[in-house]
Amino acid sequence: MLLIFDNLNNLEDDFCSDFKSLLSVQRITKINGIKSQAGKNASAAVYLLLRLGLLRMYGINKAVDFEFVNHKKPILPEFPGIFFNLSHTKNTAACAISYTDVGVDVEYVRPVSDKLAKRVLTKNEYKDFIASSNKDEYFCKIWTIKESFLKKTGDGITKELSDISAAELEEIQTYKGDDYFCSVCGLKMEILHIGREDFEELRS
């Protein structure tokens, strides 16, 4: 299951306090260390996506803590058979939950420099980038595909993105929003668009 919330910018300033009772002590500590209100809201929202996914997939409705392995890949020590991954960007948060390893990345489409494109893309991808009618969207899509793969494997920053061909990666789903791309690496899954009102399910 892939849950996407793409309305972070419209969350009110008291969003975190309103849902504080649904956050773990671990998550509250993390949020307290974030300076911007937007960052706090994103951290709370992506955690609530995880909780909502656990409720809808497994009937689990409780605050959960993470442990981190393989270059900060999060796991749920209390539920070793449940795999998840989180990501958030400018206005969008995403959570992927699966029965097996999974990685997700969401990125806002923004202007990309030629220097960055050469550092991230393979030679063939760079040729496609140059030929693309929308270079920024092409780059963003490829970036999320590669990042979702690395987040699934847990390799993180240990591999150069330019050494990975997006076209050769398997089990990739990519969703295009109004101004973002979200890619998930793992078994094919249902995509759910979540609104603020959906978080109220967790209060029951």
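Note that the structure is predicted; figures quoted are calculated from it, not measured.

Rules used in this analysis
- Here the residue numbering is sequential within each chain, running from 1 through the sequence in written order.
- Two thresholds apply to this predicted model, a pLDDT of at least 70 for residue-level local features and 80 or more for giving and counting side-chain atom pairs, whereas whole-chain, interface and lining totals are computed over all residues.
- Derived side-chain values reflect all non-hydrogen atoms in the structure, with water molecules and hydrogen atoms excluded from consideration.
- At least two bridges found by DSSP between two strands is the condition for calling them paired.
- The helix and strand labels rest on DSSP assignments: H or I over at least four residues marks a helix, E over at least two residues marks a strand, and numbering proceeds from the N terminus.
- Each axis is a line fitted through C-alpha atoms, taken for helices only over the stretch in contact, and angles between the N-to-C directions span 0 to 180 degrees.
- Any pair of residues with heavy atoms lying within 4.5 Å of one another is described as a contacting pair.
- For this analysis, a salt bridge means a side-chain nitrogen from Lys or Arg found within 4 Å of a carboxyl oxygen belonging to Asp or Glu.
- Relative accessibility under 20% of the residue-type maximum defines a buried residue, over 50% an exposed one, and the middle range a partly exposed one, all with a 1.4 Å probe and only protein chains included.
- Here a pair means two rings of Phe, Tyr or Trp (six-membered ring of Trp) with centres within 6.5 Å. Their orientation is stacked below 30 degrees between planes, edge-to-face above 60, and tilted elsewhere.
- Criterion for a charge above a ring: Lys NZ or Arg CZ within 6 Å of the ring centre, and within 35 degrees of the ring normal.

Participant: Sorry if this is basic, but what is going on with the sheet that holds strand E8 (residues 180–185) here?
Facilitator: Strand pairing within a sheet occurs via backbone hydrogen bonds; the two strands may be parallel or antiparallel. The antiparallel open sheet is built from 3 strands, whose spatial order is E6-E8-E7. One side of each edge strand has no neighbouring strand; the edge strands of this open sheet are strand E6 (103–108) and strand E7 (172–176). Adjacent strand axes in the sheet meet at a mean angle of 15°, parallel and antiparallel pairs treated alike. Looking at chain direction, E6 and E8 are connected through 6 bridges and run antiparallel. Note on E8: the bridge partner recorded for Asp 105 is Ser 183. Running at roughly 155° to E6, helix H6 (residues 135–153) makes contact with E6, E7 and E8 of the sheet.

Participant: Help me out: how do you make sense of the pattern of salt bridges in this one?
Facilitator: Where charged atoms from two side chains of opposite charge come close, those side chains can pair. Evaluation of the coordinates by the stated rule reveals 13 salt bridges. Lys 152 serves as the salt-bridge partner of Glu 171, at 3.2 Å between the closest nitrogen and oxygen. Of this pair, Glu 171 sits in the loop between H6 and E7 while Lys 152 sits in helix H6, and the two are 19 residues apart along the sequence. Given the relative accessible area of 40%, Glu 171 is considered partly exposed.

Participant: How do you make sense of the packing of aromatic side chains when you look at a structure like this?
Facilitator: By convention here, two paired aromatic rings are described through the distance between centres and the angle between planes. Within the structure shown, the criterion is met by 11 aromatic pairs. Taken together, a centroid distance of 6.1 Å and an interplanar angle of 35° make the contact between Tyr 47 and Phe 66 tilted. Here Tyr 47 is found in helix H3 (residues 37–58), whereas its partner Phe 66 is found in the loop between H3 and strand E2 (67–69), with 19 residues between them in sequence. Here Tyr 47 falls in the buried class, since its relative accessible area comes to 0%. Seen in terms of ring centroids, Phe 139 and Trp 143 are 5.8 Å apart; in terms of plane orientation they differ by 40°. Their pairing is tilted. One end of the pair is Phe 139 and the other is Trp 143, both in helix H6 and 4 residues apart, which spans about a single turn. Connected via pairs of aromatic rings, a cluster forms that spans Phe 5, Phe 15, Phe 19 and Phe 199. Across the ring face of Phe 19, the terminal group of Arg 203 is positioned such that the distance to the ring centre comes to 4.4 Å.

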